[in-house]
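Single-letter residue listing:
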Amino acid sequence: MTADRHILEVSNIEVVYNHTVQVLRGLSLQVPEGGIVALLGSNGAGKSTTLKAVSNVLFLENGDLTAGAIRFDGAPVAGRPPHHLVRDGLCHVMEGRRVFEDLTVEENLIAAGYAASGGDDGGGSGFELVYEYFPRLFERRRAQAGYLSGGEQQMLAIGRALLGRPRLMLLDEPSLGLSPVLVEDIFTIIARINREQGVAMLLVEQNANVALALASYGYIMESGRVVIDGTPDKLMADDDVREFYLGAAGAGGARSYREVKHYKRRKRWLS
Amino acid sequence: MDWLFLFEVSLAGLGRGGLYALTGVAFVLIYKATRVINLAIGEMLMVGAYLFIGFGAGMALPLWLAVILALLGGALLGFVLERTAIRPLLGENPISVFMVTIGLSSVLVGLVEIIWTANPRSLPDLLPRDPIFIGDAFVAPKTFWSFVIAAGVIAVFLLLFRFWRGGVALRATASDQGAAYAMGINVPAVYSLAWALAGLLAAGAGILLGAISGASSSMGVFGLTVLVVVIVGGLDSVLGALLAGVLIGWVESVAGVYLGGEYEQLFTFSILLVVLLVRPWGLFGTREIERL
Ligand SMILES: Nc1ncnc2c1ncn2[C@@H]1O[C@H](COP(=O)(O)OP(=O)(O)O)[C@@H](O)[C@H]1O
Ligand SMILES: [Mg+2]
């Protein structure tokens, strides 16, 4: 990792919501240029907050970065409005897909293209690329986005981000609520986009299995800080990681028994 | 029953409804993009009428130029109001923002009275005066032309929102502001755009309304009926504003002629009451919108 140039460097950040609730407590991570890094952790660990800090949209929820620094492509993110960051190649695909439901698929892309170019790309450029990765979106281009299936909406959310020709994509739980087959489809395409377009990705997931299959490095966070990080091999070999994040695949035994142990181990591990 | 007369009264009502619809669209535009309930919309309309008087009569410019300048002035007013009075309140309680727009409406009335005095004024003659007949029915030419112009302007705007990419970005922002930020839409610029366009529409409505019934510093009360229109139609629905505008214009006109002027408001507010009881989010509005 250290030899590579990092497109994203997050150092010791702390985030506070409403001036009262501290959610991140000295979190650090790096994403190498063109690489895929997984950020894992259970619900409420602060994964989404981390991404919002990077794309500078915390202010929307009255959140503040109170300490630490974030550098995208070598330059600090602080003070740069989100639309400047997007134009510089940083795209955030938010949790829950967040497509513009009243707009058609194509209008979603039009808005994204307009935004990413600052309004001067002539219009419609880059749509072929999106439709090439997601032929389904081409078939559904006249449909209202609110009526798409969950998988199609996720495709649209990623396609929209792709229009900005990003150098770094922040993907927040792309597998959320999708069937296993769809998850596999989407992750295959994510891998292709990374390979063919050279887009680096910070991939937030609760589904650690699929995320670590793609990533070259992973961080696991709990309560606002990283508790363990390393290559997928290292993480998958770790007993705690296997038990808490990779589901029954690693640890055997009856579910109910495991849950009792789970709670105790978890407490020890976090303290 | 005299059907021809009813028809004529209805046409007159549609004429008034066209202006409600036009101003209602301006209101909805601001609401959709910035979630501000702008009670100063009637006063923005009034400023448009007075700007037209200022350019057309005061400075004696050609009327077409006076119209364009008044429209641009209305747009500028919208832009400035948003930047100076509304933007600093971003994220504050919607009620405070709402109160600020009430304050703004008083400020605008004050400014107009300082510059043009409180006396009613008539506007330079703008609309053709040849009588119009639809079949056997007579329509006052000013009413007819103001309806035609309002309808044309609304049509242009609907096309703009559908096909112009900036219009699509505006609708995107209205649909999900957080996602709009994350995708790189310059959201503050969209706010400015929405207020400027709404200011332009309101100024246009003000010129038309002034052309029909003259301008006065109290013509902003027109905005109250517009408020009824958008609540009935749904605060966030352009279609709702259009249909409710025409409906309420028609009801007012019919009630006013058959029952007497004092019944106009009674009917309007009865409609409002019924809608609030049965469908508080409006005929075409989105359901989860908070009500004041
Ligand atoms: N807007 C907010 N205001 C206050 N607390 C928040 C806000 N958003 C998230 N939190 C809290 O911050 C913690 C982390 O949230 P989040 O970053 O969404 O976690 P994750 O994405 O890992 O599930 C949670 O405890 C959550 O309740
Ligand atoms: Mg999350």
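Residues numbered from 1 in each chain as written. Chains lettered and ligands numbered in written order. Predicted model: local features only at pLDDT ≥ 70, side-chain atom pairs only at ≥ 80, totals over all residues. Heavy atoms only, no water.

Student: Please provide a residue-by-residue account of the overall build of chain A, values included.
Tutor: Scanning chain A from N- to C-terminus turns up eleven helices and ten strands. Considering only contacts in chain A between residues 6 or more positions apart, those separated by 24 or more positions represent 69%. When the accessible surface of chain A is split by element, carbon and sulfur atoms take 48% of a total near 11,600 Å². (Helix = DSSP H or I, 4+ residues; strand = E, 2+ residues; numbered from the N terminus. Contact = heavy atoms within 4.5 Å. Areas by Shrake-Rupley, 256 points an atom, 1.4 Å probe, with all protein chains shown as cover.)

Student: I'd like to hear about helix H6 (residues 165-175) of chain B, residue by residue, with values.
Tutor: H6(B) sits mainly inside the fold: ten of its eleven residues count as buried. Residues of H6(B) that are buried include every one of B:Arg165, B:Gly166, B:Gly167, B:Val168, B:Ala169, B:Leu170, B:Arg171, B:Ala172, B:Thr173 and B:Ala174, and no others. Packing partners of the buried residues in H6(B) comprise helix H3 (105-117) of chain A together with helix H1 (3-34), helix H5 (141-163), helix H7 (177-182) and helix H8 (187-213) of chain B. (Buried < 20%, exposed > 50% of the residue type's maximum accessible area, 1.4 Å probe, protein only.)

Student: Account for the site of ligand 1, naming residues and giving values.
Tutor: All names here are of chain A. The full set of residues close to ligand 1 is Tyr17, Asn18, Val23, Ser42, Asn43, Gly44, Ala45, Gly46, Lys47, Ser48, Thr49 and Glu61. Take Lys47: an N or O atom from its main chain is 2.8 Å from an oxygen atom of ligand 1. Here Glu61 contributes a side-chain N or O atom positioned 3.0 Å from a nitrogen atom of ligand 1. Burial of ligand 1 by the surrounding chains reaches 69%, relative to a free accessible area of 560 Å². Among the elements that take part in the shell around ligand 1, helix H1 (residues 47-54) stands out by supplying three residues, more than any other. Here the residues of the shell around ligand 1 are counted per class, giving three nonpolar, seven polar and two charged. (Near = heavy atom within 4 Å. Polar contact = N/O pair within 3.5 Å; in protein donor to acceptor, adjacent residues only side chain to side chain. Nonpolar A, V, L, I, M, F, W, Y, C, P; charged D, E, K, R; others polar.)

Student: Can you tell me about the coordination of the magnesium ion (ligand 2), naming the residues and giving the values?
Tutor: Each pair of donors in an ideal octahedron of six around a metal sits at 90 or 180 degrees, and each pair in an ideal tetrahedron of four sits at 109.5 degrees. The magnesium ion (ligand 2) binds to the protein through A:Ser48 (OG) and A:Glu95 (OE), with metal-donor distances spanning 2.0 to 2.2 Å. With A:Ser48 in helix H1 and A:Glu95 in the loop between strand S6 (90-93) and H3, the pair connects residues that are 47 residues apart, well separated along the chain. (Donors = N, O, S within 2.8 Å, 3.2 Å for Na, K, Ca; no water.)

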